[in-house]
Amino acid sequence: MRSFTGSLSEVVQSTRDFVLQGDFLNGLSQELIFAIRLALEEAVTNAHRHGHGGDPDRPISIAFSRHGDDLILEVADTGDGFDPGSVPDPRSPEGIERSSGRGLLLIRAFMHHVEHLDAGRRIRMRRCLEPARSS
Amino acid sequence: MDQAIESTTFGDVSIVGFQTGSLLDESLVRALESTALNAAVTVDRPKLIVDFEGVVHLTSAALGALLTIRREVEGRQGILILASLSPAIDEVFDIACLRPVFAFAANRSAAIDLCQA
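Computed from a predicted structure; not experimentally measured.

A.B. asks: Any chance you could explain the interface of chain A and chain B here in plain terms?
C.D. replies: Interface size is commonly expressed as the accessible area that is lost once the parts come together. Taken together, the contact between chain A and chain B spans 22 residues of the former and 24 residues of the latter. Between chain A and chain B the total buried area reaches about 1900 Å² when both faces are included, carbon and sulfur atoms providing 59% of it. Looking at the side of chain A facing chain B, the largest losses of area belong to Phe34, Glu97 and Ser99 of chain A, adding up to 27% of the total buried there. Seen at the junction of chain A and chain B, the total is two salt bridges. The salt bridge partner of Asp25 of chain B is Arg16 of chain A, with a shortest N-O separation of 2.5 Å.

Below, the structure is given as structure tokens:
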């Protein structure tokens, strides 16, 4: 696990480098790398913007590991947490024109399993890396 | 302007494009929004194309920026066309149920034809 601080752009860049330059991604399809990168950046953005209110000095922690065909990716903040069930559906007629609020929707679509832990301060995402089993 | 963004015109059509391999993340999204809005507010009935050729990644921040740009363009009775989406980026619009909200074209040439129809 490593922690990152800085502006949102800096943290997005640093965490992207940390995760996507790992050797375990060698040989993965562009489709898989797209999914992992998108989920990572959405989770980091949520942590920075909502968890920390944009405070660049508060650390965002990233951990990732590969278990067989599965990638496990975790992003944690030190904020007040949140109730994932309270997030409005951005596909609703009221939400479709909104300029924000689609991060969790995309994470859930591109990862195969998503858990919210520690009262919403930590998100654990799993993605199967075996193309034959991808959904 | 961000060096990863290019802004050109074709007749009365403004076109915003990207360098090959662009990651349309938080920082580039702000540049996209600024460049596109600048193009949209200089004329009545703006005709604007955002050409995704070369874009290999985007996040929900880009969707939000495009919705903002669309509101501005349509508020001026203009037209916004999104062109050259890769299959992965296309899927993001499908997941977000934004396909009915935007107009799409397969490539820049087709988008120009739509603007001039």
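Here the narrative resumes, following the displayed structure.
A.B. asks: Please clarify how the nonpolar core should be interpreted in this entry.
C.D. replies: Here is a general trend for soluble globular proteins: nonpolar side chains tend to be buried in one another's company. Within the largest apolar cluster, 43 residues are counted, with the highest numbers of intra-cluster contacts made by Leu24, Leu32, Leu58 and Phe93 of chain B. With eight residues, the top contributor of residues to this core is helix α2 (residues 60–75) of chain B. Phe4, Val11, Phe24 and Ile107 of chain A belong to the second-largest nonpolar core, a separate cluster that totals 28 residues.

Basis of the calculations
Residues numbered from 1 in each chain as written. Chains lettered and ligands numbered in written order. Predicted model: local features only at pLDDT ≥ 70, side-chain atom pairs only at ≥ 80, totals over all residues. Heavy atoms only, no water. Contact = heavy atoms within 4.5 Å. Buried area = accessible area lost by both parts, 1.4 Å probe. Salt bridge = Lys/Arg side-chain N within 4 Å of Asp/Glu carboxyl O. Core = buried A, V, L, I, M, F, W, Y, C linked by side-chain atoms within 4.5 Å. Buried < 20%, exposed > 50% of the residue type's maximum accessible area, 1.4 Å probe, protein only. Helix = DSSP H or I, 4+ residues; strand = E, 2+ residues; numbered from the N terminus.

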